[in-house]
Amino acid sequence: MGETVTTIRPYWKNFIDGEWTDGASNERLVITNPATGDPIAEVARAMPADVDRAVAAARRCFDNRNLAEIPPHQRGEMMREVSLRLGELADEIANVECFDNGKTLKGGYEDVTLAQRYLNYYAGMADKLEGRQIPLGEGVLDYTTHMPFGVSAQIVPWNGPLPVGVRSITCALLTGNTVVLKSPEDSPLSLFLFAEACERAGIPRGAVNIICGYGHDAGASLTAHGDIDHIVFTGSVETGRSVLRAASERIVPCIMELGGKSGGIVYPDADLGQVAKSAARGIFHHAGQICSAGSRLIVHRSIHDELVARLKDEAETLSVGPGIDGCDMGPLISARQLDRVESLCRIGVSEGATLVTGGARIAGMPGHFMAPTIFTQVRPEMRIAQEEFFGPVIVVLPFDSPEEAIAVANGTDYGLAAGVYTNDLRLAHWTADRLVAGQVYVNEWWTGGVETPFGGTKRSGYGREKGQEALLGYVQTKNVGIRL
Ligand code: NAD
């Protein structure tokens, strides 16, 4: 796919009940380019009244059985059609991800491909979600079915709105749920283009509703709404807690995809050149704004200094700049996020950690650019070893024994991803078995993708997205017993 620069549409409306609509208040959100701070577009701001309309549309579509009456294999074909239509919008989506999110154009195209992979992967599973027949003896027929919840309310963070949103919407629709999704206020545009792909593909009215507003009003009123049946929340632990409080009022089932402080353990026999490259990609890709970023490296003391020197080389050779210029690493999403990452770095220094490289914003650049950062002399209890930066900052902690490495790796409130670098398969197995994390990467950060189940343990959340397991989060089992 060639990389094409296109212009960004100046004004974007919410997609409710199959129509593009201004917000009830007629207010607009201004979207800015994180690489320059310049405004690039405006979005109709959804308020609680818009949330009500969107939920009502999704409810009507569900209650009228508009999706339920489409046989599963045809729902799969619908998803394939959406994938084709999304492909038609690939140039525009790639540009949008570049200008409102800070990705490279290549990264924007990769997000389109990833979203299409979700649509096609789950399309193939639409007619394979089978129940069981349970033997209860002569004269009784007993079987299970998977029933949808109803209206699925979905909240998406700013770092990867298209793939994160599409993976949840696809699973929801294929299993017969309808969706109201609130896109992130900092980078909402690509999900509106997904809505356009759904419109072009002829998805039933009201099945997919995409709105954009602030978390504290549109987001909070969606997750507390009295007519939703299911919540998929992807975002920070703090916001996750308030979503769960709202959900507890009506006992609404939730999938929680929260933050991480994921650590990779490096044993002395690992290929250090390969580890340095994998670890650098694991933390500097998308400037570390990935929930499963490898933000801690737990390194055997005998190889610590050599690996740190290699990692420093990797960090210092990255080009940092606007994604549109094809730089290796783009900006953070906002001034707020840059301040947060920088201030946590200052805390690291005040706690006594050693700054090997980076540690501050890049002076003289107009956007929100943070230097790739490495800390050593880090103790497990330090805040920089415990708290999620969500930025391009990696902390290196030494260990002497495998048991100590496991204790350090598991020694945070989070449990999203973990990694092991070794050529000893037995040791890799031993370590993977003891790591408390939803996924363990061996010898390459981010092995796996659309097909492999993904999710958290501990404060990183619960429920699984991706892989076959994800579909089970969108259905509940019904048992039917028939006395013949
Ligand atoms: P955030 O929690 O601030 O916001 C996430 C979303 O929640 C946004 O759309 C926001 O508008 C909305 N929101 C805010 N307050 C709300 C409320 N009271 N009720 C309902 N919705 C509300 O997170 P962020 O800063 O946008 O994203 C970064 C966080 O997301 C990081 O912690 C990262 O690890 C996590 N994340 C997790 C995954 C995963 O799959 N586990 C993926 C991406 C990001």
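Per chain, the residues get numbers from 1 upward, laid out in the order the sequence is written. It should be noted that, the model being predicted, local features are given only for residues of pLDDT at least 70 and side-chain atom pairs only at 80 or more, the latter also being counted only at that level, while totals for whole chains, interfaces and linings use all residues. Based on all heavy atoms of the structure, the side-chain values leave hydrogens and waters out of the count.

- If you look the protein up in an unreviewed UniProt entry, it shows as Aldehyde dehydrogenase family protein from Halomonas nitroreducens.
- UniProt positions are given in the numbering used here, feature names are shortened, and annotations may be inferred rather than shown by experiment. Listed under Sequence similarities (unreviewed entry) in UniProt, the entry text for the protein is "Belongs to the aldehyde dehydrogenase family."

## Considerations on the site of the ligand
- The full set close to the ligand counts 28 residues, and Val156, Glu185, Ser236, Thr239 and Glu388 are the nearest of them.
- Any N or O atom pair separated by 3.5 Å or less is treated as a polar contact, with the protein-specific requirement of one donor-capable and one acceptor-capable atom, and with residues adjacent in sequence counted only for side-chain atom pairs. At a separation of 2.6 Å, an oxygen atom of the ligand approaches a polar side-chain atom of Glu388.
- Contact with the protein chains covers 88% of the free accessible surface of the ligand, which is 850 Å².
- Sorting the residues of the shell around the ligand by element identifies α7 (215-223), β10 (230-234) and α8 (237-250) as the ones contributing at least two each.
- Counting residues per element, the shell around the ligand draws most heavily on α7, which supplies four residues.
- Here the term charged refers only to Asp, Glu, Lys and Arg, the term nonpolar to Ala, Val, Leu, Ile, Met, Phe, Trp, Tyr, Cys and Pro, and the term polar to all other amino acids, Gly among them. Split into classes, the residues belonging to the shell around the ligand amount to 13 nonpolar, ten polar and five charged. A single heavy atom is enough: if one lies within 4 Å of a molecule or strand, its residue is considered near that molecule or strand. In this description, accessible areas are obtained by the Shrake-Rupley approach with a 1.4 Å probe, and a residue is regarded as covered only by the protein chains that are shown. Numbering goes from the N terminus for both helices and strands, where a helix is a DSSP run of H or I of at least four residues and a strand is a run of E of at least two.

## Details of the sheet that holds strand β17 (residues 417-421)
- Paired strands are those between which DSSP finds at least two bridges. In space, the seven strands of this open sheet follow the order β14-β15-β16-β13-β12-β17-β18, with mixed pairing throughout. The two strands at the open ends of the sheet, each matched to only one other strand, are β14 (354-357) and β18 (439-442). Taken pair by pair, the neighbouring strands of this sheet meet at an average axis angle of 25°, ignoring direction.
- Where β14 and strand β15 (residues 373-376) come together, three bridges link them in antiparallel fashion. If you follow Thr354 over to β15, its bridge partner there is Thr376.
- When checking whether two residues touch, look at their non-hydrogen atoms; a contact exists if any pair is within 4.5 Å. All axes here are fitted lines through C-alpha atoms, helices being fitted over the stretch that makes contact, and every angle between N-to-C directions spans 0 to 180 degrees. Taken strand by strand, helix α9 (residues 272-284) contacts β12 (262-266), β13 (294-300), β15, β16 (393-399) and β17, and its axis lies near 155° from that of β13.

## Focus on the domain arrangement of the protein
- Looking at the protein, the domain boundaries give domain 1 (11-258 + 460-481) and domain 2 (263-449).
- Note that domain bounds follow an automatic or database assignment of domains. The distance between the C-alpha centroids of domain 1 and domain 2 comes to 31 Å.
- Of the residues lining the interface, 20 residues belong to domain 1; the matching set on domain 2 comes to 24 residues.
- Each of two parts loses accessible area, computed with a 1.4 Å probe, when they are put together; buried area is these two losses added. Together domain 1 and domain 2 conceal approximately 1,900 Å² of surface at their shared face, both sides included; 61% is due to carbon and sulfur atoms.
- For the domain 1 face of the interface with domain 2, the top three residues by lost area are Pro34, Trp158 and Ser460, together amounting to 30%.

## Let's talk about the pattern of salt bridges
- When a carboxyl oxygen of Asp or Glu is within 4 Å of a side-chain nitrogen of Lys or Arg, the pair counts as a salt bridge. Scanning all chains against the criterion turns up 35 salt bridges.
- Put simply, Asp17 and Arg60 hold a salt bridge, and the shortest N to O gap is 3.0 Å. Of this pair, Asp17 sits in the loop between β2 (14-16) and β3 (19-21) while Arg60 sits in helix α1 (residues 48-63), and the two are 43 residues apart along the sequence.
- When a residue's accessible area, from a 1.4 Å probe over protein chains only, is under 20% of the maximum for its type it is buried; when over 50% it is exposed; and in between it is partly exposed. You can call Asp17 buried: its relative accessible area is 16%.
- Because the salt bridges share partners, they merge into one network encompassing Arg9, Glu81, Arg85, Glu88, Glu92, Glu196 and Arg200.

## Regarding the layout of surface pockets
- Here the second largest pocket defines a volume of roughly 420 Å³.
- The set of elements that each furnish at least two residues to the lining of the second largest pocket consists of α1, α2 (72-88) and β6 (140-148).
- Here the element with the most residues in the lining of the second largest pocket is β6; it accounts for five residues.
- Of the residues belonging to the lining of the second largest pocket, the class tally is 13 nonpolar, seven polar and five charged. Cavity means a closed set of points on a 1 Å grid over the protein atoms alone, one where a 1.4 Å probe fits but cannot get out, pocket means an open set with protein on both sides within 12 Å along at least 5 of 7 lines, and lining means a residue has an atom within 4 Å of a point. Grid points are joined across faces, edges and corners, and a volume is the space filled by probe spheres set on the points.

## Overview of the packing of α1 against α7
- Orientation of α1 relative to α7, taken along the N-to-C sense of each, is 35°, at an axis distance of 8 Å. Helix-helix and strand crossings are classified by hand; for α1 and α7 the assignment is right-handed. In this structure, α1 uses Pro48, Val51 and Val55 to contact α7, whose residues at the interface are Asp217, Ala218, Ser221 and Leu222.
- Looking at side-chain class alone, the contact of α1 with α7 contains five nonpolar, one polar and one charged residues. Here is the rule for handedness: rotate from the far helix to the near one, and if that takes an anticlockwise turn smaller than a right angle the crossing is left-handed, while a clockwise turn gives right-handed.

## Let's talk about the packing of aromatic side chains
- Any Phe, Tyr or Trp ring, taking Trp's six-membered ring, that has another such ring centre within 6.5 Å forms a pair; planes under 30 degrees apart are called stacked, those over 60 apart edge-to-face, and the others tilted. Enumeration according to the criterion identifies seven aromatic pairs in this entry.
- When the ring of Tyr121 is compared with that of Tyr122, the centres are 4.9 Å apart and the planes differ by 80°; the resulting orientation is edge-to-face.
- Between the aromatic rings of Tyr441 and Trp445, the centroid separation amounts to 5.1 Å while the plane-to-plane angle is 65°, which identifies the pairing as edge-to-face.
- Take Tyr441: its relative accessible area is 5%, and that puts it in the buried class.
- A residue is classified by how much of its surface remains accessible, and Trp445, at 3% relative accessible area, is buried.
- Three or more aromatic residues joined by ring pairs make a cluster, and in this case those are Trp12, Phe15, Trp20 and Phe192.
- We count a charge as sitting over a ring when the NZ of a lysine or the CZ of an arginine lies within 6 Å of the ring centre and within 35 degrees of the ring normal. Over the ring of Tyr11 we find Arg28, and its NZ or CZ is 3.6 Å from the ring centre.
- Its guanidinium or amino end placed over the ring of Phe454, Lys466 lies 4.4 Å from that ring's centre, counting from NZ or CZ.

## Quick notes on the sheet that holds strand β5 (residues 39-44)
- What the three strands build is an open sheet, ordered β1-β5-β4; its pairing is mixed. Only two strands of the sheet have a single partner each, and these edge strands are β1 (11-12) and β4 (28-32).
- As paired elements, β4 and β5 share five bridges and run antiparallel to each other. Opposite Thr32, over in β5, you have Pro39 as the bridge partner.
- In the packing of helix α3 (residues 90-101) onto the sheet, contacts are made with β1, β4 and β5, and the angle to β4 comes to roughly 85°.
- Lying on the sheet, helix α6 (residues 189-201) is in contact with β1, β4 and β5; it crosses β5 at an angle near 55°.

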